[in-house]
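Residue strings, one per chain:
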Amino acid sequence: MANKRQKVQSADALDDGLDYEVGSDSAGEAEQISSTDDDGDSDVQENDGTEDGDGTASAKVEKVRATKEVTTEERRKKRKLHRASTRARKAEEGVAGDGDSGTVLGVDQQADTVARLVRETYAGTDLSSIELSDATPPTSSFLDTTAFAGPRTLETVLAFMERFSGREQLAVANKAVGRPHTLLLAASAIRVADLCRALAPLKTNQAAVAKLFGKEKRETQTAWLRQNRVNVAVGLPGRTHALLGHAALALDRVEQVYLDASYRDAKKRGMLGIKEVARDLVKLLNAEVLAQRIKSGECKIILF
């Protein structure tokens, strides 16, 4: 019995030893593997971390640089637009007042002034930059009028128009009714009436000067246009544009659009400085047929 007990104890002791040794080896191997894996992972992580850090830093630097370049370009464009707008506004403010020779605009200044009106008219709309550019008359469509040295008044408006369009051409009307070859646009009904009186010498039995403003009913003007051959139509931009949709007034023969830009009202405002008039003018210049003629060079814009 004693021997059996001793063997059992020895077996227990052996088992304990084996358990200890196996456990010790396993722990050692596990510790060694763990240490190797940890070291390996640590090395990889450190390398990856370093590479990611460098890559991220480089990406951030590139992003900041690109942002600065875009911001700089945007600022440059804004400054350019601001300078053009300021130049155009100052030029428009310097247009000769009625009875004063004032400052005569060159072609570039005329184009800048009208381009500003186009931008202001369509500000806040969803027009793209391409569409906005398409709505702006090209610089080539404006006529240089610096050759006319005299004052720009009611007394000289006929001489001014004859200087750049020719008396014979102005006096002859198209055979088709309601199709003027010349438009003279002004800011008020009173001014339209005054200009019509100044152009009375252009009236003949075969040609009539049309008067287009809001003091007369649209139906009356429509009926008149359907019965008369018109050489020159003098009117407000808004009323002129409104008559286009009544099959009475057609602009497919217009060769020149005169703008009464020199006149100043009691508030010292010119037609290009009155928001409502300027807006109507831009819309009229972009009427489909007229816009096509302006862009093709068949029609000129002339500032009086």
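Residues numbered from 1 in each chain as written. Predicted model: local features only at pLDDT ≥ 70, side-chain atom pairs only at ≥ 80, totals over all residues. Heavy atoms only, no water.

Under an unreviewed UniProt entry, the name given to the chain is Protein cms1, and the source organism is Taphrina deformans.

**Comments concerning the environment of alanine 291**
How we decide: Secondary structure elements follow DSSP: runs of H or I of four or more residues count as helices, runs of E of two or more count as strands, with numbering from the N terminus. The cut-offs for exposure are 20% and 50% of the maximum accessible area for each residue type, with area from a 1.4 Å probe on protein chains only; residues under the lower value are buried, those over the upper are exposed, and the others partly exposed. Residue contacts are counted whenever heavy atoms from the two residues lie within 4.5 Å of one another.
Looking at the secondary structure, you find alanine 291 in helix α10 (residues 288-296). Exposure remark for alanine 291: the relative accessible area of 10% places this residue in the buried category. Alanine 291 sits 156 residues away from alanine 135 along the chain, and the two C-alpha atoms are 8.2 Å apart. Beyond its immediate sequence surroundings of up to four residues, alanine 291 is in contact with Leu285 and Asn286.

**Thoughts on helix α4 (residues 157-165)**
Definition in use: Our arc is simply the arc of the directions from the helix axis toward the C-beta atoms.
Taken as a whole, α4 has its buried residues at Val157, Leu158, Phe160, Met161, Phe164 and Ser165. Considered in projection along α4, the buried side chains sweep an arc of 160° and stay on one side of the axis. Looking at the buried side of α4, the elements it contacts are α5 (167-171), β1 (182-185), α6 (189-198), β3 (230-235), β4 (256-259) and β5 (300-303). Positioned one or two residues after α4, glycine 166 has a phi angle of 90°, which is positive.

**Topic: the side chain of arginine 264**
Cut-off, in case you're wondering: Each polar contact in these results corresponds to two N or O atoms within 3.5 Å; when the atoms are within protein, one needs to be able to donate a hydrogen and the other to accept it, and residues that are neighboring in sequence are counted only if both atoms are side-chain atoms.
When you line up the elements, arginine 264 lands in the loop between β4 and α9 (275-285). Of note is the side chain of arginine 264, whose polar atom sits 3.0 Å from the backbone oxygen of alanine 261.

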